[in-house]
Amino acid sequence: MVKALDRKLLRDLWHMRGQAIAIALVLMCGVATFIMFLATLHALLVTQEAYYREYRFADMFVSLKRAPESVAARIRSIEGVARAQTRVVAQVRLEIPDFPEPVMALMVSSPESNANSLNALYLSSGSLPDPLRPDEVVVSKPFAEAHGLKLGERFTALLNGRHQRLRLVGTALSPEFIEQMRPGAATPDPKRFGVMWMGRRALGEAFDMHGAFNDVAIGLSPKADSAAVIARVDQLLAPYGGLGAYTREDQRSHRFLSQELDQLGTLATLFPTIFLGVAAFLLHVVIGRLVATQREQVASLKAFGYSNGALMWHYLKLVGLIAAIGIVGGTMLGAWFGSLLSGVYQEFYHFPYLRFTLPPKTFLGAAAISLFAAGAGTALAIRRTAALRPAQAMRPEAPARYTVSWVERLGARRLLSQPARMILRHIQRARWHSLLTVFGVALAGGVILTSLFQRDTVTYMLDVQFRQAQRDDLAVLFTEPASARARSELAALPGVQRVEVFRTVPVRLRFGPASYRTAIRGMENGGDLQRLLDTGLRPVPLPAQGILLTDYLAAMLGVRAGDRLQVEVLEGRRPLREVVVSGIVKEYIGVSAYMELRALNTLMHEGPALSGAWLAVDSAALPELYRRLARMPRVQGMAQREQEIRNFDAMMEQTMLFFSSIATIFAIIIAFGVIYNSARIALTERGHELASLRVLGFTRAEIAYILLGELGLLTLVALPLGLLTGRAMCYYIAHSLQNDLYRVPVVLEARTYAFSVLVVVVAAILSGLAVRRRLDQLDLVAVLKTSE
């Protein structure tokens, strides 16, 4: 008996091969999405943890003006400090051959030995600088690759106002600089900013730090109280211009990476849940309806003595085999895409290696969800059929009683043809099946929106941030706060058409138990090159007194307009101030606080100090302007807005839009699979009825119109529902992706809606054409032999 059932299983599988392939493809896409995201996230987290551990990423950091080396022993004696490594760190300007634009670098002193140092270097090529050679440097690998620098090449750096020729002796990566982004930038730019390491003695002498340091990396003991250590370190370094110690969580590179991994973790939960959930639901519905169409076969098998358990096992094996094809294919495809996506992240974050594995629990989770959905649909269908007596189940179902549809009752009866009335009456009679078809098609259209909306979102964010709010051509940063005279000096440079100045002060904002480390930017009222926008994207004037916070920062601190914030300044004498929150502004990238320039100068008890300026520049004069700015020793760095836009766009294309494209392909396959299966099952369920109509004299075109017209009508009803469902899912995804790196608005362009509708319509047309071929092959003889 088992062998006979197994032969039947293979015959059934071959007979329904089109549907089986469609079901397997739908499931494959859901499983592949699940595997791709979770395997990528697992690989990055494992790689990050191993890299931090093996190369001894520090637990705490602090910068200061200058302290003698003897202070290091006092830092090491603080309870909870396991080790402290003093360094010299400085921002420098570079002159790279054949690259006319300004280039900045963060120069860090390297330890004499890399074996036991904190933030150890992973040497990609070459060697560490010779401590006795003042011209040798190691540069970050991304910077060297961006400029095509080779070992032994030379370039010029401006070290503390003096030009010095440097020789490249090695390229390296560091856990401290996984993300390499210049201060004030929104995106990494390895062509215009890099990290370099020079011998401690050589760099110290260049910056008058011989026997002294201005930066400390600290490793904490396992049970250390980080807050207590910070308090002791700050107290110790305050006389030496300490800028405030902070833990790894506030370290720029780690925070950037953590935020990105958190967002990837959110996507790794949401997208697989949506895709695999949709696939599982559709599988449940499709399998249930498919098994229900075999009620006569089930009855015949029961009549030959097969038990309900044997029949249940037979159909479970059938759907299990289909599901297994989808699971295996999805696992292989997901693992492949996961390795590609992990490689993209490895290059973007500059990990020296990638530990990509497929965790067994990820595969088992996808398999369990898929098999449960398929098994549940099968079990319910078998239970309903097995409950009938064999003699009853072997007969076709009794003809259904059709009643006048509600559309006809509204007065449209005379306007409808007979086949059209049959379509409406069947939909009304089979309400549940019709509803499931509509919901399935709607979900298929909705997942297409979820995979595409990020493209529209990125375009919108770029427009708001870099065209409506940030409108300058060039931003200039000073090495230290400058006087108001700097404005006139910049305005006199060739090609400069407009100058707007700003002051930036690093702070820690506190409100009750909540705190956040950021910066207050002082701006001039009435400026046009940099504007603050409200939630309606209208310009917001700066108040004469008080502070404006971005909406996300205000939410993190739990403050509203009128509340008083405590401001701990993290430069100079580090005064503690209080300021009133005057309002909230809207920003999608980063979190900041803003004040009117003179109000910020007053808060700092200083004169009209400036940290930099925004310039409107004639593009033809940019090369000469770069050269003039490069000769100004007080200019620390420059940023071109158009280049920021290109960098942001490239960053999004490398990461978010990569898996968005994959998700779109999967969504299209799911849509085709769902609609094709709906059409085929409808044909199977109504084949006897349609063949009877042919016997009664209906033409092939008329019965095709009845079946495909019903599918078309249900598809039309599903289209707006699918757009609403997809939009709701997009809102849920966007709400889950909020963090202090960037916030994702829900922006869906008309072309995105149109594409979703087009995919569903094309899938319906192609499915209709495939079913039409089957309609033409209906067995009329079998209908004539049926007993009344």
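Overview of the structure. (Residues numbered from 1 in each chain as written. Predicted model: local features only at pLDDT ≥ 70, side-chain atom pairs only at ≥ 80, totals over all residues. Heavy atoms only, no water.)

## Here's the deal with empty space enclosed by the protein
Considering all chains together, one arrives at 8 cavities of 30 Å³ or more under this definition. Of the voids in this model, the largest cavity is the one considered here, and its volume is about 150 Å³. Counting only elements with at least two residues in the lining of the largest cavity, the list comes to strand S20 (635-640) and helix H19 (641-654). Here the lining of the largest cavity is built from residues that sort into 8 nonpolar, 4 polar and 5 charged. The calculated volume of the second largest cavity comes to roughly 100 Å³. Put simply, the parts of the chain that give the lining of the second largest cavity at least two residues each are strand S2 (81-87) and strand S4 (103-110). With 3 residues, S4 is the single largest residue contributor to the lining of the second largest cavity. Of the residues contributing to the lining of the second largest cavity, the split by class is 6 nonpolar, 7 polar and 2 charged. (1 Å grid on protein atoms, 1.4 Å probe; cavity = no way out; pocket = protein on both sides within 12 Å on 5 of 7 lines; lining within 4 Å. Points joined across faces, edges and corners; volume = space filled by probe spheres on them. Helix = DSSP H or I, 4+ residues; strand = E, 2+ residues; numbered from the N terminus. Nonpolar A, V, L, I, M, F, W, Y, C, P; charged D, E, K, R; others polar.)

## Topic: the pattern of salt bridges
This structure, assessed with the given rule, holds 29 salt bridges. With a closest N to O distance of 3.1 Å, Glu578 and Arg564 form a salt bridge. Of this pair, Glu578 sits in strand S17 (residues 576-585) while Arg564 sits in strand S16 (residues 564-569); the two residues are 14 residues apart in sequence, bridging distant segments of the chain. In this structure Arg564 comes out as partly exposed when scored by relative accessible area, which is 46%. The salt bridge involving Arg641 is made with Glu642; its shortest N-O contact spans 3.7 Å. For Glu642, a relative accessible area of 34% corresponds to the partly exposed category. Among the charged side chains, a salt-bridge network with shared partners connects Arg133, Asp135, Glu136, Arg154 and Arg167. (Salt bridge = Lys/Arg side-chain N within 4 Å of Asp/Glu carboxyl O. Buried < 20%, exposed > 50% of the residue type's maximum accessible area, 1.4 Å probe, protein only.)

## Comments concerning the nonpolar core
Core analysis: the biggest nonpolar cluster contains 78 residues, and Phe275, Tyr349, Phe648 and Ile733 have the highest contact counts within it. Of all the elements in the fold, those that place two or more residues in this core are helix H2 (17-54), helix H7 (252-292), helix H9 (308-349), helix H14 (431-469), H19, helix H20 (656-695) and helix H21 (700-736). When residues in this core are grouped by element, the largest group, 13 residues, is from H14. The residues contacting Ile733, other than those within four sequence positions of it, are Leu267, Leu270, Phe271, Ile274, Thr450 and Phe453. Core analysis: the next-biggest nonpolar cluster, separate from the first, contains 27 residues, Val88, Ala90, Ile96 and Ala202 among them. (Core = buried A, V, L, I, M, F, W, Y, C linked by side-chain atoms within 4.5 Å. Contact = heavy atoms within 4.5 Å.)

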